[in-house]
Amino acid sequence: MTQKNPSQGKSMSEQELYELMKEMYDKEMTRKETMEMRIQIPIAMITAMMGGFYYLAKKLVSAISMTSPFTSGILLFLLGGSFLSICVSMVFFSKFLWPVNYEWMPRAWDIQAQYPEKQAVLRKALIKKYAKCADINSRINDRRADDFAHGMQALIIALALAVLACLPYGWFLFISR
């Protein structure tokens, strides 16, 4: 015996549709703010890693001259790969931060001035505007989320390669003591 869902076969009222579209719009705007707050940690990681590269570049000349060509090659390969991955992550994070044109709901006064005739016309216009804004903003947020995810993947690869690059350098420092 199957139970019927009470909402099946029943159309949504205009008020319910309005509430749903408004909720979807608000959700996408909240999602935008949340994503923009999350970018701070990756940027701090990139800054720290670039500082680490600067430090290693200063020490690299002595490390290369004192180690075997094989070890030096591994070190350069890993550091180069890490630096390249950081550059890739910076491209994705730049795309993420690039200004985008979110759709915004007009101010209340503008809405009232645009639709002074009837309340029913105003509600239908608001439903359409909320639906349009939510759809466009959802697409923008999806693209930005993809850029953020790709940037984080590249940053994790860069971090792993940097750690691997530091192992021979650390080994060199341990042996030279």
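Predicted model only: the values in this text are computed from it and were never measured.

Peer 1: Would you mind showing me how to read the nonpolar core here?
Peer 2: In summary, soluble globular proteins display a tendency toward joint burial of nonpolar side chains. Counting residues in hydrophobic clusters, the biggest one holds 31 residues, and the most contacted among them are Tyr25, Met49, Leu79, Ile86, Phe93, Met105 and Tyr130. Elements with a minimum of two residues in this core: α1 (14-38), α2 (40-66), α3 (69-97) and α5 (119-175). Looking at which element gives the most residues to this core, the answer is α5, with 13 residues.

Peer 1: Even after reading the chapter, I still don't get the side chain of lysine 32, so can you show me in this structure?
Peer 2: Here lysine 32 is to be found in helix α1. Classification of lysine 32 as buried rests on a relative accessible area of 13%. Once residues lying within four places of it in the same chain are set aside, the contact partners of lysine 32 are Tyr102, Trp104, Asn141 and Arg144.

Peer 1: I would appreciate a short explanation of the packing of aromatic side chains in the present structure.
Peer 2: The geometry of an aromatic ring pair is captured by the separation of the ring centres together with the interplanar angle, meaning the angle of the planes. Summed over the entire model, instances satisfying the criterion amount to five aromatic pairs. Considering the side-chain rings of tyrosine 18 and tyrosine 130, the 5.7 Å spacing of their centres and the 75° angle between planes classify their relative orientation as edge-to-face. Within this pair, whereas tyrosine 18 is found in helix α1, its partner tyrosine 130 is found in helix α5, the two being separated by 112 residues in sequence. A relative accessible area of 9% means that tyrosine 130 is categorised as buried. Each ring, one from phenylalanine 96 and one from phenylalanine 148, has its centre 5.6 Å from the other, and the planes form 55°; the classification is tilted. Of this pair, phenylalanine 96 sits in helix α3 while phenylalanine 148 is found in helix α5, placing the two residues 52 residues apart along the sequence. Residue classification places phenylalanine 96 among the buried positions, given a relative accessible area of 0%. Its relative accessible area of 8% is what places phenylalanine 148 among the buried residues. Among the aromatic residues, those joined into a ring-pair cluster are Tyr18, Tyr25 and Tyr130. Lying over the aromatic face of tyrosine 102, lysine 32 brings its terminal NZ or CZ to 5.3 Å of the ring centre. The cationic tip of arginine 144 hangs over the ring face of phenylalanine 96; the distance from NZ or CZ to the ring centre is 4.4 Å.

Peer 1: How should a nonpolar patch on the surface be read in this particular structure?
Peer 2: Taken together, Met12, Leu17, Leu20 and Met24 make up a surface patch of nonpolar side chains, about 320 Å² in accessible area. By the secondary structure assignment, methionine 12 is in the segment before α1. The exposure class assigned to methionine 12 is partly exposed, which follows from its relative accessible area of 47%.

Peer 1: In this structure, what is going on with the confidence of the model for the protein? I would like to understand it.
Peer 2: When pLDDT is averaged across the protein, the result is 81; 76% of the residues are at 70 or more. Mean pLDDT per element in the protein: helix α4 (residues 108-114) is the minimum at 64, and α1 is the maximum at 89.

Peer 1: For this particular structure, what's the right way to read the side chain of asparagine 137?
Peer 2: With respect to the secondary-structure elements, asparagine 137 resides in helix α5. What makes asparagine 137 buried here is its relative accessible area of 0%. Excluding its chain neighbours within four sequence positions, the residues that come into contact with asparagine 137 are Tyr25, Glu28, Met29, Tyr102 and Glu103.

Reading guide: rules and limits
Residues numbered from 1 in each chain as written. Predicted model: local features only at pLDDT ≥ 70, side-chain atom pairs only at ≥ 80, totals over all residues. Heavy atoms only, no water. Core = buried A, V, L, I, M, F, W, Y, C linked by side-chain atoms within 4.5 Å. Buried < 20%, exposed > 50% of the residue type's maximum accessible area, 1.4 Å probe, protein only. Helix = DSSP H or I, 4+ residues; strand = E, 2+ residues; numbered from the N terminus. Contact = heavy atoms within 4.5 Å. Phe/Tyr/Trp six-rings, centres within 6.5 Å; stacked < 30°, edge-to-face > 60°. Lys NZ or Arg CZ within 6 Å of the ring centre and 35° of its normal. Patch = residues over 30% accessible without salt bridge, like charges linked within 9 Å, V, L, I, M, F, W, Y side chains within 5 Å. Areas by Shrake-Rupley, 256 points an atom, 1.4 Å probe, with all protein chains shown as cover. Salt bridge = Lys/Arg side-chain N within 4 Å of Asp/Glu carboxyl O. pLDDT = per-residue confidence, 0-100.

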